[in-house]
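Understanding the architecture of this molecule
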Amino acid sequence: METPTLDKNINLAAELYTKGIKDQIKSQDIWRTGNLYRSISSTIVPLQTGQEIAVSMLYYGEYVNDGTYAIQPPRRFVELGIERAEEQANKIIEDSLAKDLDNEITSNLQWP
């Protein structure tokens, strides 16, 4: 099945995740040089079964997020950012899939 609406709008969902994580970095004041903040990005990764949104950041972002013996407490900015963006991102994806499915069904209907 072709998914032109989803293919277009999945980038919007990815941007929401990126923004959510960056907003958490700001709100938790995890800011020294700004390098971690600027490194947050998302990409669409093709899979055999479809696509997924992958978020990346500088290597030390994992330690700031999860905490270490020297970085306490864990900040969990990734999880919190994704959680805040998830409802809106899921709606974009669901609406896009519904539109593509509707278009697919409509284009394959044969009227007598």
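Report on the accompanying structure. Keep in mind that what you see is a predicted model, and the values were worked out from it rather than measured.

1. Things to note about helix α4 (residues 77-108)
Compared with the 46 Å implied by 1.5 Å per residue over 32 residues, the 45 Å span of α4 between its first and last C-alpha is a close match. Buried within α4 we find Phe77, Val78, Gly81, Ala85, Ala89, Ser96 and Asp100. Packed against the buried residues of α4 are α1 (4-27), α2 (35-39) and α3 (61-66).

2. Quick word on the packing of α1 against α4
Between α1 and α4, whose axes approach to 7 Å, the crossing angle comes to 165 degrees. Viewed along their axes, α1 and α4 adopt a mutual orientation that is roughly antiparallel. Handedness of the crossing formed by α1 with α4: right-handed. Counted by class, the contact of α1 with α4 contains 17 nonpolar, eight polar and four charged residues.

3. Brief notes about α1
Counted at 1.5 Å a residue, the expected span for α1 with its 24 residues is 34 Å, and the 36 Å between its end C-alpha atoms agrees. Residue Ile10 marks the point of greatest curvature in α1, where the axis turns by about 25 degrees. Once α1 finishes, Asp29 follows within two positions and takes phi at roughly 55 degrees, a positive value.

4. A closer look at unusual backbone geometry
Working note: non-glycine residues mostly have negative phi, and peptide bonds are mostly trans. Cis peptide bonds are those with omega within 30 degrees of zero, and the linkage from Gln72 to Pro73 qualifies with -10 degrees. As for its placement among the helices and strands, Pro73 is situated in the loop between α3 and α4. A positive phi angle, close to 55 degrees, is found at Arg76, a residue other than glycine. Looking at where Arg76 falls in the secondary structure, it is placed in the loop between α3 and α4. Its relative accessible area of 35% is what places Arg76 among the partly exposed residues.

5. Details of the packing of aromatic side chains
Applying the stated criterion to the full structure yields two aromatic pairs. Seen in terms of ring centroids, Trp31 and Tyr37 are 4.8 Å apart; in terms of plane orientation they differ by 55 degrees. Their pairing is tilted. Between Tyr59 and Tyr60 the ring centres are 5.5 Å apart and the planes differ by 85 degrees, which places this aromatic pair in the edge-to-face class. According to the relative accessible area criterion, Tyr60 is partly exposed, its value standing at 26%.

What counts and what doesn't
- Residues numbered from 1 in each chain as written.
- Predicted model: local features only at pLDDT ≥ 70, side-chain atom pairs only at ≥ 80, totals over all residues.
- Heavy atoms only, no water.
- Helix = DSSP H or I, 4+ residues; strand = E, 2+ residues; numbered from the N terminus.
- Expected span 1.5 Å × (residues − 1).
- Buried < 20%, exposed > 50% of the residue type's maximum accessible area, 1.4 Å probe, protein only.
- Contact = heavy atoms within 4.5 Å.
- Axes fitted to C-alpha atoms, helices over the stretch in contact; angles between N-to-C directions.
- Parallel < 35°, antiparallel > 145°, perpendicular 65-115°, else oblique.
- Left-handed = near helix turned anticlockwise from the far one by under 90°.
- Nonpolar A, V, L, I, M, F, W, Y, C, P; charged D, E, K, R; others polar.
- Bend = angle between axes of the 7 residues up to and from the residue.
- Phe/Tyr/Trp six-rings, centres within 6.5 Å; stacked < 30°, edge-to-face > 60°.

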